[in-house]
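Geometric and topological summary
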Amino acid sequence: MDTSVKGLNKWANAHTYYSLDILRVVLGVFLLIKGAAFITHSRDFEDIIAPFSNFLGGMFVFHYIASAHIMGGMLIAMGLLTRWCIIAQLPILIGAVAINFIGEMNAQNLILSVLALGVSIFFLFYGSGKHSVDYYFKMEK
């Protein structure tokens, strides 16, 4: 697995563009803002998850989503541990897409969720890129 990640990193560093770094930063800031909004609108979350609250452990899910979005958003924006943070975001983003089909359909939330999921999957493979904290630490060795 290590050689495949190295190969992806080499490819990403050879094909890096400032626009992709800006997109990574925008994704991180978007997730950070969504995490903060999630905390301030916790009542909406309770309404959404009410049918599943006994099954999913509502408070655990709430704290996982809030902390993953806030901490993950900051780290993704800086380009530090990007792939690990994206892996932590994937269940949340897949759930955000699915909740639109299970509950009440909200087109704006669905579009934002699908875009965030698509960009996250891209950065799962692409990684942090050349203009990131990960790249800086790698070059310090």
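Check the entry above for the structure.
Attention in this report is confined to the structure presented alongside it. Worth saying up front: this structure is predicted, and the values here are computed from it rather than measured.

1. Description of a nonpolar patch on the surface
A contiguous nonpolar patch, built from Y18, I22 and V26 and spanning about 350 Å² of accessible area, is present on the exposed surface. Along the chain, V26 turns up in helix α2 (residues 18-40). The class of V26 is partly exposed, set by a relative accessible area of 48%.

2. Digging into the pattern of salt bridges
Tallied over the full model, the rule gives 1 salt bridge. Among the salt bridges present, the one from R24 reaches D21, with a minimum N-O distance of 3.2 Å. Taken together, the residues R24 and D21, both in helix α2 and 3 residues apart, mark about one turn of the helix. Neither residue differs from the other here; R24 and D21 are each classed as buried.

3. Quick look at the packing of aromatic side chains
Tallied over the entire structure, the rule returns 5 aromatic pairs. Between F38 and F62 the ring centres are 5.1 Å apart and the planes differ by 25 degrees, which places this aromatic pair in the stacked class. Pair noted here: F38 is in helix α2 and F62 is in helix α5 (residues 58-78), with a separation of 24 residues, a long-range link. Relative accessible area serves as the criterion here: at 12%, F62 is assigned to the buried category. Taking 5.9 Å as the distance between ring centres and 75 degrees as the angle between the ring planes, the aromatic pair formed by F123 and Y126 counts as edge-to-face. Of the two residues, F123 and Y126 are both situated in helix α7 (residues 107-126); the distance of 3 residues between them amounts to about one turn of the helix. Per residue, the accessibility class of F123 equals that of Y126, and both read buried. Taken together, the aromatic side chains of F122, F123 and Y126 make up a single cluster linked through ring pairs.

Basis of the calculations
Residues numbered from 1 in each chain as written. Predicted model: local features only at pLDDT ≥ 70, side-chain atom pairs only at ≥ 80, totals over all residues. Heavy atoms only, no water. Patch = residues over 30% accessible without salt bridge, like charges linked within 9 Å, V, L, I, M, F, W, Y side chains within 5 Å. Areas by Shrake-Rupley, 256 points an atom, 1.4 Å probe, with all protein chains shown as cover. Salt bridge = Lys/Arg side-chain N within 4 Å of Asp/Glu carboxyl O. Helix = DSSP H or I, 4+ residues; strand = E, 2+ residues; numbered from the N terminus. Buried < 20%, exposed > 50% of the residue type's maximum accessible area, 1.4 Å probe, protein only. Phe/Tyr/Trp six-rings, centres within 6.5 Å; stacked < 30°, edge-to-face > 60°.

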